[in-house]
Every structure is written in C-alpha cells, then in structure tokens.
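What the coordinates show
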Amino acid sequence: MKKIVVIGSGAVGSTFAYTVLVKGLANELVIIDINKDKAEGDALDLNHGLLLAQPMKIYAGDYPDCEEADIIVITAGAAQKPGETRLDLMQRNVSIYRQILSEVLKYNKRAIFLIATNPVDILTYITIKLTNLPREQIIGSGTLLDSSRFRYLISEKIKVDPRNIHGLIIGEHGDTELPIWSLLNISGINQDQIVEESRFYLSDEDMEDIYENTKNAAYQIIEKKGATYYAIALSLAKICETILGDQKSIIPVSVYLDDYKGINDVCLGIPSVVGRNGIEMILDIPLSNEEEQKLINSGKKLREFINQIEL
Ligand code: 6V0
C-alpha cells in the first residue's frame, strides 16, 4: 500500500493530485486544505476520472488521515498581500507550517515530508527545525524544477532531447541559484570539449540567456497566467515516484547541509540519492572555484534570511 497526503489543494497541490492519479503513483491519496470545499471539490473531480485512469482511493481528509502515510507533500501557503515584504510573507508561512506540522506529528512521525511551498529552501529548513525529525526525512523540491527548465532551454537551443542533456542548477530555488556549466555534458561529451562549429556549441551569450530564462521562468509564467503548477507538480511526482519505488535516483532536491563545502545549517538544492528512506546521500559534486563561491554565497544569503525569522 502506498499512501500520499497532500496538504494545500491550491494550483500546485491540485495539479500534483491529478498527476498522482494519471501516473498511478499511490493506492491512497488524501487531500487536506483549510478550504474544505476546495479539497472536497478536487477529490470529487478526480474520483470522476477514476474509471479512465488508475484504481485508487482519493478523498478529502483531515489530519488523522495522515496516519500510515508514506509521503506528506506540503504545498499550503499564503499568497503575498499587496505591499507585503518577503519577510512578512515568510513569517506568515512559518505560522502556517507550525500549525500544519503540529497536527501532522500527532499522527505520523515516519513519513517522508516533501516541501514545495516557497521559499522552499527556507521552509524545508523550518520543517526540520519544527519537527525535530531526522533530516533525511525532510526533502524540499529544490532545484529539480529549475534543472528541468534549464535542460529544456538548452534542448531548444541545440535541438537535442533534454534527456540527453545532463545539466544542473543548484543552490537556492530563487535568485541566487546557479548553473553548473563545468559539468554540463551532452550524452557524455563535456561542454569544454565542444568546438564552435558543433551543433552542441553554446556561446557565452547563449549561456547567459539560458541561465537568465531559467532563473526568471516563474516570473514570466506568473506574469502571463498568475501561477506555475504543471512542471512543479511533475517534479513533486518524480520525487514521490523515486521514494515509493526506492529508485535511488539522483535528484537536485533541497537538503540540510552540514559542512558542505564550508556551508552550514541551511537547506539548498544539491544532487542527492533519494530512496525509500528519503535522502540517502548528498553528492560532493566537483565545482569550479567560481561555482563554489557562488554556491557559498547562495548559502550565506539564505542564512541571513533565516536569521531574521522568528522561530
Ligand atoms: P494557492 O493556489 O494559493 O494554494 C495554496 C493553498 O494552501 C490554498 O488552497 C489554501 O487554502 C491552502 N492553505 C493555506 N493555509 C493553509 C493551512 N493552514 N492548512 C491547509 N491549507 C492551507 O498557491 P499555489 O498552489 O499556486 O502555490 C502553493 C505554494 O507553492 C506557493 O508557496 C508557491 O510559491 C509554491 N510553489 C513552489 C514551487 C517550487 O518550485 N517549489 C513552484 C511553484 C509554486
């Protein structure tokens, strides 16, 4: 039996629930939202597709239904109010997380917690602090979505299947994230072996464009339709599939760092082996000096932000 609970059935949570149904990822899917009508409406709507998808038990539930869950996905969050600072919004999300986690912990301390609410690296960190659970059990969606956007944009430029493009965005899911150009390879051919005449060649300008468009992707989508949810839902589904199938895939998820290249006591997106018990191993990826410095700065920026939060 595989049981997933999703807390927060807004744009991201409900699209994730739909993805779970279409992919047949669980036997049981529980939807919890402070807006009970929304959760019930989504559960009904999804149940009406059961005949056409995978057999599964789907229902709108409450915190006692977290019992026996293998994964608790949290996408609940407050929307930014006009004029509200990032820190004020963050403080409100910390309060929401405090309330949600205290409820969940009454019923389940062994599930893997998968965090999607933004700022995701900070809320992953807060979840570790508020739950006191082993850090391996708490995973943030991290830079999987950003890496997927990055590989898509490169694929568009060089006209190659993104699955053959091995590229990574690491660090904060946000403004200080960084592309690891030094490790980019197209089916094993490293970036620095690609000559200018090659189809795979990326000029400095191409690289800058790709990075900027990766970093600003969410802003571009939000400007056009108000929210992003399809690709993040697929990212969350991929992480759940890896956990439930004990696939041990290497995914750039947000993980707690303890003396990682000198970075301490923050969560950042770093490629990690993910399996049934959560984070099995954080990869010590070789970085250029410049990349390492940028990662350290990403960590510093998050640390400064965390210092301002009242826990
Ligand atoms: P939304 O559509 O406003 O949904 C949020 C949902 O949370 C609503 O249905 C609320 O009713 C619910 N909610 C609020 N408070 C509580 C509570 N205390 N208990 C239970 N439910 C509650 O937002 P959307 O779904 O678009 O986004 C959700 C979060 O995901 C936001 O923080 C986004 O910034 C974040 N995203 C994270 C991404 C990532 O890469 N990690 C990508 C996209 C969005």
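In short, a report on the structure.

Topic: the layout of surface pockets
In this structure, the second largest pocket occupies an estimated 660 Å³ of space. For the second largest pocket, the lining is made up of 26 residues, of which L144, S147, S148, R151 and P252 are closest to its centre. Mapped onto the lining of the second largest pocket, the elements with two or more residues apiece are helix 5 (144-158), helix 8 (230-244) and strand 12 (249-260). Considering every element that reaches the lining of the second largest pocket, the biggest residue donor is helix 5, with six residues.

A short note on the side chain of S272
Residue position: S272 is located in strand 13 (residues 263-275). Judged by relative accessible area, which is 0%, S272 ranks as buried. Ignoring anything within four residues of it in the chain, the contact list for S272 reads S249, I250, I251, V253, V255, I279, M281, I282 and L283.

Some points on the site of the ligand
Around the ligand, the structure places 23 residues, and the nearest of them are V12, D33, Q99, A116 and S141. Contacts to the ligand include A116, whose backbone N or O atom sits 2.9 Å from a nitrogen atom. When the free accessible area of the ligand is taken as 860 Å², the share hidden by the protein chains comes to 80%. Elements that contribute at least two residues to the shell around the ligand include exactly helix 1 (11-23) and helix 3 (86-107). Of all the elements, helix 3 adds the most residues to the shell around the ligand, at three residues. The residue makeup of the shell around the ligand, split by class, is ten nonpolar, twelve polar and one charged.

Some points on the packing of helix 1 against helix 2 (residues 36-47)
Contact geometry for helix 1 and helix 2: axes closest at 11 Å, N-to-C directions at 25°. Relative to helix 2, helix 1 is oriented roughly parallel. When the axes of helix 1 and helix 2 are compared, the crossing they make is right-handed. Contact residues: S14, A17, Y18 and L21 in helix 1; K38, D42 and L46 in helix 2. Its residues placed into classes, the contact of helix 1 with helix 2 shows four nonpolar, one polar and two charged.

Concerning the nonpolar core
With 88 residues, the main nonpolar core has I4, I7, F16, I72, I74 and F113 as its most contacted residues. Looking at this core element by element, the count peaks at eight residues for helix 8. In contact with F113, other than residues within four places in its own chain, are I72, I74, L101, V104, L105, N108, T127, L133, Q137, I138 and I139. Core analysis: the second largest hydrophobic core is formed by 13 residues, I154, I169, W181 and I186 among them.

Side note on the sheet that holds strand 7 (residues 165-166)
Read across the open sheet, the three strands follow the order 7-10-11; overall the sheet is antiparallel. Each end of this open sheet is capped by a strand with a single partner; those strands are strand 7 and strand 11 (189-190). In terms of strand pairing, strand 10 (residues 185-186) meets strand 11 through two bridges, oriented antiparallel. When the sheet's bridge partners are listed, N185 is paired in strand 11 with N190.

Some points on the environment of I189
Structurally, I189 is set in strand 11. Sequence separation between I189 and F200 is eleven residues, and the spatial gap between their C-alpha atoms is 9.5 Å. In contact with I189, not counting residues within four places along its chain, are L184, I194 and F200.

Quick notes on the packing of aromatic side chains
In total, this model carries three aromatic pairs according to the counting rule given. Geometrically, the ring pair formed by Y125 and Y256 is stacked, given 6.3 Å between the ring centres and 15° between the ring planes. Of the two residues, Y125 is situated in helix 4 (residues 120-131) and Y256 in strand 12; the sequence distance between them amounts to 131 residues. The exposure class of Y125 is buried, given its relative accessible area of 3%. Positioned above the aromatic ring of F305 is the side chain of R86, whose terminal nitrogen or guanidinium carbon lies 4.8 Å from the ring centre. Residue placement shows K225 over the ring face of Y229; its charged tip is 3.9 Å from the ring centre.

Conventions and cut-offs
Residues numbered from 1 in each chain as written. Predicted model: local features only at pLDDT ≥ 70, side-chain atom pairs only at ≥ 80, totals over all residues. Heavy atoms only, no water. 1 Å grid on protein atoms, 1.4 Å probe; cavity = no way out; pocket = protein on both sides within 12 Å on 5 of 7 lines; lining within 4 Å. Points joined across faces, edges and corners; volume = space filled by probe spheres on them. Helix = DSSP H or I, 4+ residues; strand = E, 2+ residues; numbered from the N terminus. Buried < 20%, exposed > 50% of the residue type's maximum accessible area, 1.4 Å probe, protein only. Contact = heavy atoms within 4.5 Å. Near = heavy atom within 4 Å. Polar contact = N/O pair within 3.5 Å; in protein donor to acceptor, adjacent residues only side chain to side chain. Areas by Shrake-Rupley, 256 points an atom, 1.4 Å probe, with all protein chains shown as cover. Nonpolar A, V, L, I, M, F, W, Y, C, P; charged D, E, K, R; others polar. Axes fitted to C-alpha atoms, helices over the stretch in contact; angles between N-to-C directions. Parallel < 35°, antiparallel > 145°, perpendicular 65-115°, else oblique. Left-handed = near helix turned anticlockwise from the far one by under 90°. Core = buried A, V, L, I, M, F, W, Y, C linked by side-chain atoms within 4.5 Å. Pairing = 2+ DSSP bridges. Phe/Tyr/Trp six-rings, centres within 6.5 Å; stacked < 30°, edge-to-face > 60°. Lys NZ or Arg CZ within 6 Å of the ring centre and 35° of its normal.

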